[in-house]
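The chain contents come next:
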Amino acid sequence: MSDSLKRHHCLEPFSEDSATIGSSASAEPAIRVTFDGHREFYNLRGDPADAAFTDAVKSFTGQSIPDKANTLSYRECTTCWLGPDEWLVVYPSFEAGRFEKFSTELDSTDATAVDVSHGYIVLCLSGDSALDLLAKGCTLDLHLSSFNVGDCVQTGIARTAAIIANIAEGDHYEVIVRRTFAEYLAIWMRHAGAEFGIGFD
Amino acid sequence: MLLIKCPWCGNRAESEFNYGGEAGIARPANPDTLTDAEWADYLFMRKNPKGLHQEQWNHAQGCRRWFNAERDTVTYRFTRTWRIGEAPSSTRDVDS
Amino acid sequence: MKKYSAFGLLRNALSYNEKWPEAWRSPEPKRKYDVVIVGGGGHGLATAYYLAKEHGVQNIAVLEKGWIGGGNTGRNTTIVRSNYLWTEAALLYEKSLKLWEDLSQDLNYNVMFSQRGVYNLAHSLQDVRDIERRVSANRLNGIDAEFVAPEQLKKNIPGLRVTANSRYPVLGASLQRRGGVARHDAVAWGYARAADQRGVDIIQQCEVTGIRREGGKVIGVDTTRGAIAADKVGVVVAGHASVLADMAGIRLPIESHPLQAFVSEPLKPVLDTVVMSNGVHGYISQSDKGELVIGAGIDSYNGYGQRGSFHTIEHTMQAIIELFPAFSRVRMLRQWGGIVDTCPDACPIISKTPVSGLYFNCGWGTGGFKATPGSGWAFAHTIAEDRSHELNAAFDLQRFTSGALIDEHGAAGVAH
């Protein structure tokens with residue numbers, strides 16, 4: 001029943017209210033932010049040395065879990081490294097029954113998966129100044145020499161715990177945050193991004 | 001801001017971490033057999049050295065793992081960090 | 001030693017203030033003292049003063065590794081109050097407050113004690129309940145305390161943002177009118193002068209490097225200026241308590257942390273009281289010079305460095321601006337840190353130790369300045385009589401074994 005309802009996310013009113021802000025308000029802004037609240041997130045815990053676990057994940061997601069810290073693997077879904085025995089699997093859209101199937105797949109292993117889809121939202125940033133904006137609220141070195149496609153980092157942005165995923169060439173970044181912090185972070189981005197020019201879709 | 005090397009994530013800013021106090025305090029196996037003074041020692045007494053201190057940190061805004069660190073309490077410089085359950089490296093990353 | 005007076009001020013003014021005598025001597029250490037106090041901060045100097053004055057001890061030295069009042073005595077935010085929750089703590093701090101009220105006369109030295117009131121803000125319903133409870137507990141102990149409603153707070157403290165819809169709404173406050181501030185350096189100097197007048201040797205630039213013991217009894221100390229024999233040794237060194245305890249083979253439940261404070265550029269009078277907030281972690285008053293005096297919370301890690309991390313400063317500034325938005329444009333002049341000796345129950349230790357003749361006074365954490373007179377008074381009694389006074393009996397080191405802790409984390413306030 002609930003599967004047939006349209007899923008809303010907390011930032012829909014925000015994007016409707018927000019025009020482009022900043023110095024280049026008339027032109028295309030240097031940063032574009034879109035909200036994606038319709039993805040599926042599974043928190044995955046398991047032993048990467050356990051072949052039964054890694055094989056089960058690979059057969060379901062079609063890709064190996066990343067074993068290197070602060071990296072991700074990306075095909076049909078994104079799997080972010082969160083810790084030595086913890087990952088976040090992100091599917092781009094909701095599909096009824098998928099989590100149950102995934103969970104069943106892991107039944108014969110010592111691993112667990114938890115559907116945390118309702119807990120997260122993604123702020124997709126693009127544009128020349130996207131990294132400059134993130135750098136204003138984040139202590140990490142986001143320069144190309146240390147942050148490339150295939151990297152993902154857990155850090156704080158303007159005090160908010162967030163995951164920054166670098167999944168595509170060309171100044172495109174995904175910021176995964178808790179839903180309850182998303183509005184605060186979006187407001188922060190609106191303020192912090194004004195100097196570059198920022199637009200919300 | 002201190003620069004702390006998480007044994008999993010590498011160098012990160014202090015603001016991503018929580019401090020967890022002195023490292024290596026083992027909970028007594030049989031608390032019932034301890035005297036009150038021994039229990040008090042376990043519970044409350046701390047080395048609090050002026051100089052190198054072995055302590056616990058948690059990478060709260062990162063991989064959320066606890067790890068061990070050795071830090072100089074005067075210069076605040078971290079001399080080495082290592083994963084829980086492992087032994088520290090025999091050499092220090094930097095001198096204190 | 002000449003008594004300070006208005007007449008003396010005038011006479012010295014006429015001689016261009018060039019003939020003031022030194023306020024205390026700088027004697028060479030003797031080979032032996034009856035009592036050696038380690039630590040020349042306010043607490044140590046007060047201890048020596050009350051030992052001489054109240055207990056007639058003649059032969060006392062205060063050993064200070066740096067200069068007197070150069071540690072936490074000169075680094076705190078000078079707040080004085082006694083509104084602690086539990087009877088044991090309330091009575092000890094109240095003893096101190098009573099001594100503060102007559103201190104300038106007693107020492108013949110103006111410590112500029114100003115009873116301008118201390119507010120502790122409530123930001124949630126639970127804060128309100130806690131504060132109402134503490135106000136009632138204070139009154140039962142004969143300590144002045146009142147609850148101030150938001151409407152009245154707006155009138156009393158015009159700069160304070162009292163709105164119901166802010167992130168940390170101000171829902172009321174406790175007020176201790178007899179609380180206030182004192183000039184911290186003057187407290188050290190006043191006690192030093194008064195103790196010196198009673199024959200106490202104040203020896204600066206003299207660091208204790210060892211505690212000599214024989215048969216479980218203390219017999220003296222090693223210092224950077226040679227060995228000094230003593231019948232009794234009282235250690236009151238704040239952040240370095242664990243270091244001195246280690247010299248005597250004693251373990252303490254103390255952890256030393258950096259605690260930071262700041263002052264702004266001087267302003268015209270804008271704040272005539274002291275405002276503290278546990279909720280947003282900050283406390284603020286205005287000095288007689290006009291500087292805003294702001295205190296932070298402790299840095300989380302153990303540290304002996306007399307400095308802390310920048311994000312702690314940032315956090316404190318955010319707290320102050322949350323409370324007083326108008327101060328967002330004030331520039332900070334100076335920032336510094338002290339080393340505070342925190343105790344698991346946020347209460348001090350004024351105690352005998354397993355070593356006979358060795359006494360420790362430590363664990364004041366972030367709140368030692370207010371206790372300076374009472375701490376010295378009780379510690380002097382403990383040393384002179386070789387037993388605690390009833391005011392500090394509960395603050396024995398033994399409480400960590402017996403479990404009779406005195407949890408003052410709520411009233412100790414902002415920092416730990």
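The rules behind each value
- Residues numbered from 1 in each chain as written.
- Chains lettered and ligands numbered in written order.
- Predicted model: local features only at pLDDT ≥ 70, side-chain atom pairs only at ≥ 80, totals over all residues.
- Heavy atoms only, no water.
- Helix = DSSP H or I, 4+ residues; strand = E, 2+ residues; numbered from the N terminus.
- Rg over C-alpha atoms; globule rule 2.2 N^0.38 Å.
- Buried < 20%, exposed > 50% of the residue type's maximum accessible area, 1.4 Å probe, protein only.
- Contact = heavy atoms within 4.5 Å.
- Areas by Shrake-Rupley, 256 points an atom, 1.4 Å probe, with all protein chains shown as cover.
- Lys, Arg positive; Asp, Glu negative; His and termini not counted.
- Charge placed at Lys NZ, Arg CZ, Asp CG, Glu CD.
- Expected span 1.5 Å × (residues − 1).
- Arc of directions from axis to C-beta.
- Buried area = accessible area lost by both parts, 1.4 Å probe.
- Salt bridge = Lys/Arg side-chain N within 4 Å of Asp/Glu carboxyl O.
- Polar contact = N/O pair within 3.5 Å; in protein donor to acceptor, adjacent residues only side chain to side chain.
- Pairing = 2+ DSSP bridges.
- Axes fitted to C-alpha atoms, helices over the stretch in contact; angles between N-to-C directions.
- Phe/Tyr/Trp six-rings, centres within 6.5 Å; stacked < 30°, edge-to-face > 60°.
- pLDDT = per-residue confidence, 0-100.
- Core = buried A, V, L, I, M, F, W, Y, C linked by side-chain atoms within 4.5 Å.

## What to know about the overall build of chain C
Here comes step 1: Within chain C, the secondary structure is distributed over 12 helices and 18 strands.
Here comes step 2: Its C-alpha atoms give chain C a radius of gyration of 21 Å, within 12% of the compact-globule value 22 Å for 416 residues.
Here comes step 3: Taken over the C-alpha atoms alone, chain C extends approximately 65 × 60 × 40 Å along its principal axes.
Here comes step 4: Sorting the 416 residues of chain C into buried and exposed places 61% on the buried side.
Here comes step 5: Across chain C, contacts joining residues at least 24 apart in sequence account for 76% of those joining residues at least 6 apart.
Here comes step 6: About 16,700 Å² of surface is accessible on chain C, with carbon and sulfur atoms providing 52% of the total.
Here comes step 7: Positive and negative side-chain charges in chain C, numbering 44 and 41 respectively, have mean positions lying 4 Å apart.

## Describing the overall build of chain B
Here comes step 1: From N to C terminus, chain B includes one helix and six strands.
Here comes step 2: Secondary structure elements in chain B, listed N-terminal to C-terminal, are β-β-β-α-β-β-β.
Here comes step 3: Dimensions of chain B, computed from the C-alpha atoms along their principal axes, are close to 45 × 30 × 25 Å.
Here comes step 4: For chain B, buried positions account for 45% of its 96 residues.
Here comes step 5: In chain B, once contacts between residues fewer than 6 apart in sequence are set aside, the share between residues at least 24 apart is 39%.
Here comes step 6: Summing over all exposed atoms, chain B offers an accessible surface of approximately 4,900 Å²; the carbon and sulfur share of this is 47%.
Here comes step 7: Positive and negative side-chain charges of chain B, numbering 13 and 13 respectively, have mean locations separated by a distance of 7 Å.

## A short note on helix α5 (residues 179–192) of chain A
Residue and element names in this part refer to chain A.
Here comes step 1: Counted at 1.5 Å a residue, the expected span for α5 with its 14 residues is 20 Å, and the 20 Å between its end C-alpha atoms agrees.
Here comes step 2: Looking only at α5, the buried set comprises R179, A182, L185, A186, W188, M189 and A192. For α5, the arc enclosing every buried residue in end-on projection is 165°, short of the 170-degree limit, so these residues lie on one face. Looking at α5, the residues exposed on the side facing more than 90 degrees away from the buried face are T180 and H191.

## A look at the interface of chain B and chain C
Here comes step 1: Counting residues at the interface gives 22 residues for chain B and 26 residues for chain C.
Here comes step 2: Between chain B and chain C, roughly 2,100 Å² of surface is buried when both sides are summed, and carbon and sulfur atoms account for 53% of that area.
Here comes step 3: When residues of chain B are sorted by the area they lose upon contact with chain C, B:F44, B:N48 and B:Y76 head the list and together hold 31% of the total.
Here comes step 4: At the boundary of chain B and chain C, one finds one salt bridge.
Here comes step 5: Here B:D41 makes a salt bridge to C:R251, at a shortest N to O gap of 2.8 Å.
Here comes step 6: Between the two partners, chain B and chain C, sit 18 residue pairs in polar contact (both at pLDDT 80 or more).
Here comes step 7: Elements that contribute at least two residues to the side of chain B that touches chain C include exactly α1 (36–43) and β4 (52–58) of chain B.

## Quick word on the sheet that holds strand β5 (residues 66–72) of chain B
By way of backbone hydrogen bonds, the strands of a sheet pair with one another, either parallel or antiparallel.
All names here are of chain B.
Here comes step 1: Across the sheet, which stays open at both edges, the four strands sit in the order β3-β4-β5-β6 with antiparallel pairing between neighbours. With partners counted over all chains shown, the strands left at the sheet margins are β3 (18–22) and β6 (78–83), one partner each. Between one strand and the next, the sheet's axes are offset by a mean angle of 30°, whatever the strand orientation.

## A word on unusual backbone geometry
Here comes step 1: At A:D171, a position not held by glycine, the phi torsion is positive, near 50°.
Here comes step 2: Inspection of the secondary structure puts A:D171 in the loop between β9 (160–168) and β10 (172–178).
Here comes step 3: Here the phi dihedral of C:A238 falls at roughly 50°; this positive angle occurs in a residue that is not glycine.
Here comes step 4: As for its placement among the helices and strands, C:A238 is situated in the loop between β11 (226–235) and α8 (241–247).
Here comes step 5: For C:A238, a relative accessible area of 24% gives the class partly exposed.

## Topic: the packing of aromatic side chains
Here comes step 1: Tallying each qualifying case throughout the model produces 25 aromatic pairs over all chains.
Here comes step 2: When the centroid spacing of 5.3 Å and the interplanar angle of 40° are considered together, the rings of A:F41 and A:Y120 count as tilted. Note that A:F41 is positioned in strand β2 (residues 40–45) and A:Y120 in strand β7 (residues 120–126), a separation of 79 residues in sequence.
Here comes step 3: Judged by relative accessible area, A:F41 falls into the buried class, the value being 0%.
Here comes step 4: Overall, the relative accessible area of 13% leaves A:Y120 in the buried class.
Here comes step 5: Measuring from centroid to centroid gives 5.9 Å for C:Y4 and C:Y109, while their planes differ by 50°, and the two rings are tilted. Placement of C:Y4 in the segment before α1 (6–14) and of C:Y109 in the loop between α4 (103–107) and β4 (118–122) is noted, with a sequence separation of 105 residues between them.
Here comes step 6: For C:Y109, a relative accessible area of 16% gives the class buried.

## Notes on the confidence of the model for chain C
Here comes step 1: Summary statistics for chain C give a mean pLDDT of 95 and a share of 99% for residues scoring 70 or more.
Here comes step 2: Across the predicted assembly, pTM comes out at 0.93 and ipTM at 0.96.

## Some details on the pattern of salt bridges
Side-chain pairs of opposite charge can arise where the charged atoms are in close proximity.
Here comes step 1: One pass over the full model with this rule turns up 39 salt bridges over all chains.
Here comes step 2: Between B:D93 and B:K5 there is a salt bridge, and its shortest N-O distance comes to 3.3 Å. Taken as a pair, B:D93 in the segment after β6 and B:K5 in strand β1 (residues 3–6) lie far apart in primary sequence, 88 residues in all.
Here comes step 3: Overall, the relative accessible area of 36% leaves B:K5 in the partly exposed class.
Here comes step 4: Taking the shortest distance from any N to any O, the salt bridge between C:E385 and C:R387 comes out at 3.6 Å.
Here comes step 5: Judged by relative accessible area, C:E385 falls into the partly exposed class, the value being 37%.
Here comes step 6: Residue C:R387 is classed as partly exposed on the basis of its relative accessible area of 46%.
Here comes step 7: Counted as one network, the salt bridges with shared partners bring together A:R45, A:D85, A:E86, B:R64 and B:R65.

## Considering the sheet that holds strand β11 (residues 198–200) of chain A
Residue and element names in this part refer to chain A.
Here comes step 1: In space, the six strands of this open sheet follow the order β8-β9-β10-β7-β1-β11, with mixed pairing throughout. Two strands bound the open sheet, and with one partner strand each, they are β8 (152–157) and β11. Neighbour-to-neighbour, the strand axes of this sheet turn through a mean angle of 25°, independent of strand direction.
Here comes step 2: When strand β1 (residues 31–36) meets β11, the two strands line up parallel, connected through three bridges.

## Here we look at the nonpolar core
Here comes step 1: Of all hydrophobic cores here, the largest spans 56 residues; its most connected members are C:Y50, C:W100 and C:Y191.
Here comes step 2: Looking at this core, the elements that each hand over two or more residues are β1 (32–38), α2 (42–55), β2 (60–63), α3 (87–101), α4, α7 (184–197), α10 (372–385) and α12 (409–412) of chain C.

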